[in-house]
Amino acid sequence: MTVMSQFSLEETIPHYDVLVIGGGANGAGIARDAAGRGYSVILCEKGDFGAGTSSASTKLFHGGLRYLEYLEIRLVREALMEREVLLRAMPHIAWPMRFVLPYHAEMRFDGTTPVSRVLSVLMPWQRGRRPAWLIRLGLFLYDTLGKRQLLPPTRSVDLTQDVAGVPLKAKYRKAFEYSDCWVDDARLVILNLRDALAKGADINGHTAVSQARFDGTKWVVETRSDDGSQKSFTAALIVNSAGPWVDEVLKTVFGQNDARNIRLVRGSHIVVPRKFDHDRTYFFQNTDGRIIFAIPYETDYTLIGTTDMDHDDIHVQPEITHQELTYLCDMASQYFRQPVTPEDVVWTYSGVRPLYDDGASAAREATRDYVVRPDTSQGMGPLLNIFGGKLTTYRRLAEAVMTQVESLLGRKGAPWTHAAPLPGGDFSLSRVRDMIDAVQRDFPVLDAYTAQRLVRAYGTEVRNVLGVPTGLNGLGEHFGAGLYEAEVRHLIKDEWATSADDILYRRTKLGLRMTKIERSRLADFVAQLCSGDALQNQIRQANS
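Thoughts on the overall build of the protein chain
For the protein chain, the helix and strand inventory stands at 16 helices and 20 strands. Looking at the protein chain as a whole, 57% of its 544 residues qualify as buried. Long-range contacts, defined as pairs at least 24 residues apart, comprise 72% of the intrachain contacts of the protein chain with a sequence gap of at least 6.

Here we look at the nonpolar core
If you look at the biggest cluster of nonpolar residues, it comprises 45 residues, and the most contacted ones within it are Val41, Phe61, Met90, Leu188 and Val401. When residues no more than four places from it in sequence are discounted, the contact partners of valine 41 are Tyr16, Val18, Val20, Ala31, Ala34, Ala35, Gly200, Ala201 and Asp202.

A few points about the side chain of glutamine 256
Turning to its location among the elements, glutamine 256 is positioned in the loop between helix 7 (246–252) and strand 11 (262–273). At 2.9 Å, the side chain of glutamine 256 and the side chain of aspartate 375 are in polar contact. A polar atom in the side chain of glutamine 256 sits 3.4 Å from the side chain of serine 377. With near-sequence residues (within four places) excluded, glutamine 256 lies in contact with Leu250, Lys251, Asp375, Ser377 and Met380.

Some thoughts on helix 2 (residues 25–36)
Taking 1.5 Å of rise per residue, 12 residues should cover 16 Å, and helix 2 covers 16 Å from first to last C-alpha, within 8% of that figure. Here helix 2 lies mainly inside the structure; 11 of its 12 residues are buried. Residues of helix 2 that are buried: Ala25, Asn26, Gly27, Ala28, Gly29, Ile30, Ala31, Arg32, Asp33, Ala34 and Ala35. Tucked inside the fold, the buried residues of helix 2 contact strand 1 (15–21), strand 2 (41–44), helix 6 (185–198), strand 10 (230–240), strand 18 (383–388) and helix 9 (394–409).

Topic: unusual backbone geometry
The omega torsion of the bond from glycine 305 to threonine 306 falls at 20°, within 30 degrees of zero and hence cis. Among the secondary structure elements, threonine 306 is positioned in the loop between strand 14 (301–305) and strand 15 (309–310). A positive phi is found at lysine 147, a non-glycine position, where the angle reads about 50°. Mapped onto the fold, lysine 147 is located in the loop between helix 5 (132–145) and strand 5 (155–158). Non-glycine residue histidine 206 carries a positive phi angle of around 50°.

Concerning the pattern of salt bridges
Counted under the stated rule, the structure contains 40 salt bridges. Across the pair glutamate 82 and arginine 395 runs a salt bridge whose closest N-O atoms are separated by 2.6 Å. Of this pair, glutamate 82 sits in helix 3 (residues 73–89) while arginine 395 sits in helix 9, placing them 313 residues apart in sequence. The residues glutamate 82 and arginine 395 share a single accessibility class, namely buried. Of the charged contacts, one joins arginine 148 and aspartate 143 as a salt bridge, the two residues approaching to 3.8 Å between their closest N and O atoms. We classify arginine 148 as partly exposed; its relative accessible area is 29%.

Some details on the pairing of strand 13 (residues 291–297)
Within strand 13, six of the seven residues are buried, leaving the element largely enclosed by the surrounding structure. Where strand 12 (residues 281–285) hands over to strand 13, the hairpin turn is made up of five residues, of which glycine 289 adopts a positive phi near 95°. Judged from the five bridges that link them, strand 13 and strand 14 form a sheet pairing that is antiparallel. Within the sheet, the bridge partner assigned to phenylalanine 293 lies in strand 14 and is glycine 305. What sits between strand 13 and strand 14 in their antiparallel hairpin is a turn of three residues, with glutamate 298 showing a positive phi close to 50°.

Points about the confidence of the model for the protein chain
Detailed conclusions should not be drawn from predicted coordinates in areas where pLDDT is low. Per-chain confidence: the protein chain averages 90 in pLDDT, with 89% of residues scoring 70 or above. In the predicted structure, residues 1–9 sits below a pLDDT of 50 and forms two contacts with residues beyond four places in sequence or in another chain.

Describing the packing of helix 13 (residues 485–494) against helix 15 (residues 516–529)
At a minimum axis distance of 11 Å, the contact between helix 13 and helix 15 shows a crossing angle of 45°. The angle between helix 13 and helix 15 falls in the class oblique. The two elements helix 13 and helix 15 meet at a crossing, and its hand is right-handed. Contact residues: Glu485, Val488, Arg489 and Ile492 in helix 13; Leu522, Phe525, Val526 and Leu529 in helix 15. Considering only residue class, the contact of helix 13 with helix 15 consists of six nonpolar, no polar and two charged.

Quick notes on the environment of glycine 64
Mapping glycine 64 onto the fold places it in the loop between strand 3 (60–61) and helix 3. For glycine 64 and leucine 80, which are 16 residues apart along the polypeptide, the C-alpha to C-alpha distance reads 8.2 Å. Setting aside chain neighbours within four positions, we find glycine 64 in contact with Val76, Tyr142 and Lys390.

Considering the side chain of glutamate 495
You can see glutamate 495 is positioned in the loop between helix 13 and helix 14 (500–507). Given the relative accessible area of 0%, glutamate 495 is considered buried. Among the polar contacts made by the side chain of glutamate 495, one reaches the side chain of arginine 187 at a distance of 2.8 Å.

A few points about a nonpolar patch on the surface
Side chains of Trp133, Leu137, Phe140 and Leu141 sit close together on the surface and give an oily, nonpolar patch of about 400 Å² of accessible area. If you trace the backbone, leucine 141 turns up in helix 5.

A look at the packing of aromatic side chains
Applying the stated criterion across every chain, the model contains 23 aromatic pairs. With 5.3 Å between their ring centres and 75° between their planes, phenylalanine 49 and tryptophan 496 make a pair best called edge-to-face. Taken together, the residues phenylalanine 49 in the loop between strand 2 and strand 3 and tryptophan 496 in the loop between helix 13 and helix 14 connect sequence positions 447 residues apart. Each member of the pair, phenylalanine 49 together with tryptophan 496, is buried. Each ring, one from phenylalanine 284 and one from phenylalanine 336, has its centre 5.3 Å from the other, and the planes form 80°; the classification is edge-to-face.

Some remarks on the packing of helix 14 against helix 15
Running from N to C, helix 14 and helix 15 cross one another at 120°; their axes reach a closest spacing of 8 Å. In terms of orientation, helix 14 and helix 15 fall into the oblique class. Residues Ala500, Ile503, Leu504 and Tyr505 of helix 14 lie in contact with helix 15, whose contacting residues are Arg519, Leu522, Ala523 and Val526. Grouping the amino acids of the contact of helix 14 with helix 15 by side-chain chemistry returns seven nonpolar, no polar and one charged.

Rules used throughout
- Residues numbered from 1 in each chain as written.
- Predicted model: local features only at pLDDT ≥ 70, side-chain atom pairs only at ≥ 80, totals over all residues.
- Heavy atoms only, no water.
- Helix = DSSP H or I, 4+ residues; strand = E, 2+ residues; numbered from the N terminus.
- Buried < 20%, exposed > 50% of the residue type's maximum accessible area, 1.4 Å probe, protein only.
- Contact = heavy atoms within 4.5 Å.
- Core = buried A, V, L, I, M, F, W, Y, C linked by side-chain atoms within 4.5 Å.
- Polar contact = N/O pair within 3.5 Å; in protein donor to acceptor, adjacent residues only side chain to side chain.
- Expected span 1.5 Å × (residues − 1).
- Salt bridge = Lys/Arg side-chain N within 4 Å of Asp/Glu carboxyl O.
- Pairing = 2+ DSSP bridges.
- pLDDT = per-residue confidence, 0-100.
- Axes fitted to C-alpha atoms, helices over the stretch in contact; angles between N-to-C directions.
- Parallel < 35°, antiparallel > 145°, perpendicular 65-115°, else oblique.
- Left-handed = near helix turned anticlockwise from the far one by under 90°.
- Nonpolar A, V, L, I, M, F, W, Y, C, P; charged D, E, K, R; others polar.
- Patch = residues over 30% accessible without salt bridge, like charges linked within 9 Å, V, L, I, M, F, W, Y side chains within 5 Å.
- Areas by Shrake-Rupley, 256 points an atom, 1.4 Å probe, with all protein chains shown as cover.
- Phe/Tyr/Trp six-rings, centres within 6.5 Å; stacked < 30°, edge-to-face > 60°.

Take a look at the structure:
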């Protein structure tokens, strides 16, 4: 290649300020924040957005009550304060939830926590038991650290009188009730990406970064998509937010073969038919100090989880083990009058959490805090690696990343995401019921569950999804469980869905409700619509 032809090639390939590797919650949040500040951004995700860790969470915005016992005060305080920021930004996909913590005299500390070790010295007669006054003190701290405005405070509950006691065994007579929040984790990712796209970011799914080399002034990057197509571009800075794949990216893309920064911890969940007739969540504690939640899920189900198991090989798909399944069923059965059995389970899901490797001896003890670390390896250009973190602090993590980006590239726009709603979230929590009623009124063919699901998924954009109310035919083919063609087309055109699973288990959770025949019919429709010519025609028609 001649000098002139090389110069011409460099002039023609795109250049970006920031390349984000990884399309989970952290990567999506970083891309959104950076694009909103005026940086040119490209994001590459090797699979579907949020298909890994970010859609396999316990689906909570929470401070992390149990982290107080590990004295992770800064992490808990940041997460508690962030809950209400996020509630205001996304009232369609996140909402307040009350948590019931049944108390019994034999509740014990995890013996490895700093608090338990101190109390074993100061109060040896407790023999590791967790006194009620100490739980109340912890909940008082939980209430006050976060400076609540929207969420109600902790209260005591008489389980012999309260409906929360009905599904529990008779020995549980007292409980504490406190506040945290529910969130649709997979939609959180998609909405951040949609906002990033609207602000100019280049969003690429099913696109792996195959190579990145620093030429002394910029990164020269090559990507490969699932369809075999390749793309080259340059970037001033790279953010490696590949979640559980962060070390693998350092090895395969950047040649750091000895990278070992994270601890892979598998969390598994089970879904069973609804176990109780109220909208509160249970916080259950095992005799060894471990905890699980039992959460109202998709109206007719209960979500139970999670586990904390080391996951040795990132290349092995995370799946629930017999040991984990038995543990979750047995632990829930310690509390519920009606036991939870493996035969009750209608669905399971597992994900791998990329926790920063702080040397903890057990998976459940590893920190959930995040680390943003500039790479100082010889020959490396500007590269930021993201280790750890939790769903609740994804926006604060993005702000921390942007502080580093500004120091390396110079400042452009000011921080902005703390007061900005996600797409569809420009309304108050108090309006949700009225919005659901309006959808049912305008689209009478939709049942109450579907109207609620659509408002909870799309908020003020629900009419953009459904179109003008013209009766049943206006929604197109009905695939089952309230999923119509109009919504499917939206998910493909505007939310990057390329398969039935993308729609049934991430963009929605309707896979739980649809029959095998219905799922198969949807899969055929999506495959046909996602074929190159059909998809391009759909996009052209939508934009005409």
